[in-house]
Amino acid sequence: DVCSSDLLGAYLVIFYDLCVDRIALMATGKLYLANILLIVALITFAAAAVPVLLQGGALDDVIACLLVGIILARVGAWWIWRHLRVRIGWQVPTRENWPLLKRLAGRMGFGFFLYGAILLTMQADTILVGALGGATLVAEFVLIWKIAEVVIQIIWRIPETFVPNL
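In short, a report on the structure. (Residues numbered from 1 in each chain as written. Predicted model: local features only at pLDDT ≥ 70, side-chain atom pairs only at ≥ 80, totals over all residues. Heavy atoms only, no water.)

**Focus: the pattern of salt bridges**
One pass over the structure, following the stated rule, counts 2 salt bridges. Notably, a salt bridge pairs arginine 74 with aspartate 17, separated by 2.6 Å at the nearest N-O pair. On the criterion of sequence distance, the pair formed by arginine 74 in helix 3 (residues 59-83) and aspartate 17 in helix 1 (residues 4-27) is long-range, its members being 57 residues apart. For aspartate 17, a relative accessible area of 19% gives the class buried. (Salt bridge = Lys/Arg side-chain N within 4 Å of Asp/Glu carboxyl O. Helix = DSSP H or I, 4+ residues; strand = E, 2+ residues; numbered from the N terminus. Buried < 20%, exposed > 50% of the residue type's maximum accessible area, 1.4 Å probe, protein only.)

**Topic: the packing of helix 1 against helix 2 (residues 31-54)**
Between helix 1 and helix 2, the least distance of the axes is 7 Å, while the angle of their chain directions is 155°. Comparing their axes, helix 2 and helix 1 come out roughly antiparallel. Both helix 1 and helix 2 take part in a crossing whose hand is left-handed. Contact residues: helix 1 offers Leu18, Arg22, Leu25 and Met26, while helix 2 offers Leu31, Leu33, Ala34, Asn35, Leu37 and Leu38. Taken together, the residues that form the contact of helix 1 with helix 2 break down as 8 nonpolar, 1 polar and 1 charged. (Axes fitted to C-alpha atoms, helices over the stretch in contact; angles between N-to-C directions. Parallel < 35°, antiparallel > 145°, perpendicular 65-115°, else oblique. Left-handed = near helix turned anticlockwise from the far one by under 90°. Contact = heavy atoms within 4.5 Å. Nonpolar A, V, L, I, M, F, W, Y, C, P; charged D, E, K, R; others polar.)

**What about a nonpolar patch on the surface?**
Side chains of Tyr16, Val20, Ile23, Met26, Leu31 and Tyr115 sit close together on the surface and give an oily, nonpolar patch of about 480 Å² of accessible area. Within the secondary structure layout, methionine 26 lies in helix 1. (Patch = residues over 30% accessible without salt bridge, like charges linked within 9 Å, V, L, I, M, F, W, Y side chains within 5 Å. Areas by Shrake-Rupley, 256 points an atom, 1.4 Å probe, with all protein chains shown as cover.)

**What to know about helix 3**
Since the α-helix packs 3.6 residues into each turn, any two residues three or four apart lie on the same face. Here helix 3 contains 25 residues, and its C-alpha end-to-end distance of 36 Å stays within 8% of the 36 Å for a straight helix at 1.5 Å per residue. Backbone geometry just downstream of helix 3 places arginine 85 in the positive-phi region, at approximately 60°. (Expected span 1.5 Å × (residues − 1).)

**Quick look at unusual backbone geometry**
With a phi angle near 60°, arginine 85 is a residue other than glycine that sits in the positive phi range. By secondary structure assignment, the location of arginine 85 is in the loop between helix 3 and helix 4 (98-105).

**Structural notes on the environment of isoleucine 23**
As for its position among the elements, isoleucine 23 is in helix 1. Using a relative accessible area of 39% as the deciding quantity, one classes isoleucine 23 as partly exposed. Here the alpha-carbon distance between isoleucine 23 and alanine 34, two residues 11 residues apart in the chain, equals 7.6 Å.

**Describing the nonpolar core**
Counting 29 residues, the largest nonpolar core has Tyr11, Leu18, Leu25, Leu37, Phe45, Ile70 and Val142 as the members making the most contacts within it. Listed by contribution, the elements that provide at least two residues to this core are helix 1, helix 2, helix 3 and helix 7 (135-162). Counting residues per element, this core draws most heavily on helix 3, which supplies 11 residues. (Core = buried A, V, L, I, M, F, W, Y, C linked by side-chain atoms within 4.5 Å.)

Next comes the structure, spelled out in structure tokens:
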């Protein structure tokens with residue numbers, strides 16, 4: 001049986017991987033596409049979680065909804081890169097990668113480590129609510145916060161990032 005921690009672990013790994021794609025899209029001047037990916041994940045989560053909770057779903061179900069949203073956004077990122085004809089992906093390090101790996105182990109790597117640590121602390125509120133209030137309360141908290149986050153994204157980020165492209 002899949003438990004909440006397994007689902008949450010999968011969610012965090014895929015979310016972190018998606019963050020790399022979002023940063024790369026921002027670096028190529030495609031900030032609007034990076035934000036669309038995040039909004040797709042949030043809207044998918046909200047659309048899936050509302051009926052699940054109305055039918056009495058548990059914490060595992062809500063986290064599964066988060067996972068579905070982030071997987072859909074990750075597939076969207078893959079489609080965007082393919083559409084832009086940019087080949088990216090995971091690869092086994094070779095001798096040519098050693099200079100980059102050495103840089104990642106130094107000062108530059110510390111910046112990435114710090115970014116990852118800050119990114120993980122963004123989930124700390126959910127962990128705290130879960131520890132203090134239990135599974136039902138954290139499910140309600142995540143659902144309410146994620147819906148608010150969707151609204152904030154729509155009101156704030158989308159108009160801002162589309163300005164150069166309208």
